[in-house]
Amino acid sequence: MDNKDRNFDGLSRRFRDNIYRRPKGQLRLDLCWRELNTQLPHLEGASLQVWDAGGGLGQMSARLAGLGHNVLYSDISQEMLAAFVEEQSAGELRNIEARQGAIQEMASLPEMAGRFDLIVCHAVLEWVEDQPGLVQALARCLQPEGYLSLMFYNLNTLVLSNITKGNLYKLRDEDFAGHPGGLTPSHPCRPHQVETWLAAGDLEVVARRGIRLVYDLMPRAIRDARSLEDVAALEWQYGDQEPFWALGRYVHLLCRPSVKRGRPAR
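Heads up: these notes are all about the structure in this document.

So, how was this worked out
Residues numbered from 1 in each chain as written. Predicted model: local features only at pLDDT ≥ 70, side-chain atom pairs only at ≥ 80, totals over all residues. Heavy atoms only, no water. Salt bridge = Lys/Arg side-chain N within 4 Å of Asp/Glu carboxyl O. Helix = DSSP H or I, 4+ residues; strand = E, 2+ residues; numbered from the N terminus. Buried < 20%, exposed > 50% of the residue type's maximum accessible area, 1.4 Å probe, protein only.

### Concerning the pattern of salt bridges
Tallied over the entire structure, the rule returns nine salt bridges. Among the ionic pairs, Glu 204 bridges to Arg 256, the shortest N-O distance being 2.9 Å. Taken together, the residues span a long stretch of sequence, with Glu 204 in strand β6 (residues 203-211) and Arg 256 in strand β7 (residues 250-257) at a distance of 52 residues. Assessed through its relative accessible area of 21%, Arg 256 is described here as partly exposed. The salt bridge involving Asp 240 is made with Arg 209; its shortest N-O contact spans 3.5 Å. Note that Asp 240 is positioned in the loop between α12 (228-238) and β7 and Arg 209 in strand β6, a separation of 31 residues in sequence. A relative accessible area of 3% means that Arg 209 is categorised as buried. Three or more residues joined by partner-sharing salt bridges are found here, namely Glu 35, Arg 209 and Asp 240.

Here it is, written out as structure tokens:
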């Protein structure tokens, strides 16, 4: 990543309070975790080499380390990393290595090539200017039978949201990027475009799921009258169905190297 990519130094507390201390953040985290455990049952088995690339507050790192996996946590933000290290220092998880650094720079290190059984990259792609380059960097670090868990902010939902709000000028100009300094991403992604970048890196998609589909499309007054458990159940029911997976606020794609790239054919 270069200096045009988003760094959350100075915003980590706001990020935590606005996202992960609210139901929407917990729902996002829980749905991704359930998807990983459903699609990758071997997470409960032998110890894996895992990279939480752009790990933010580190919730996925902590959960994966708690299963016994060896986790490399990284983030471009010194502030995010310091908060994560401080929180983990009070625990007993010794199988986490924490490093500050941009993903593309770390991926270029010789020891990172083909190293990981699982790479988690959640809510990072939409903050990066060179998005195809980031996907290529992550692909380089996967083992031939490894998996990439990629979640990104979905442009389709921004279009829908602006339609319902009647923001005619934004729709006309396709001006959906967030304002500098805000928490709306600067480079929201279209799912089909992301899949094109994955294919260019010889990665195939094995599972697709919309994240915060029901929660974000349901009117707030109605949503607030429902339990989060009921909303989560509907998220899970519809999140992997066509065409709804492509309408979530976020889209989660689980990918693996193609046979062309060297994954053994079965």
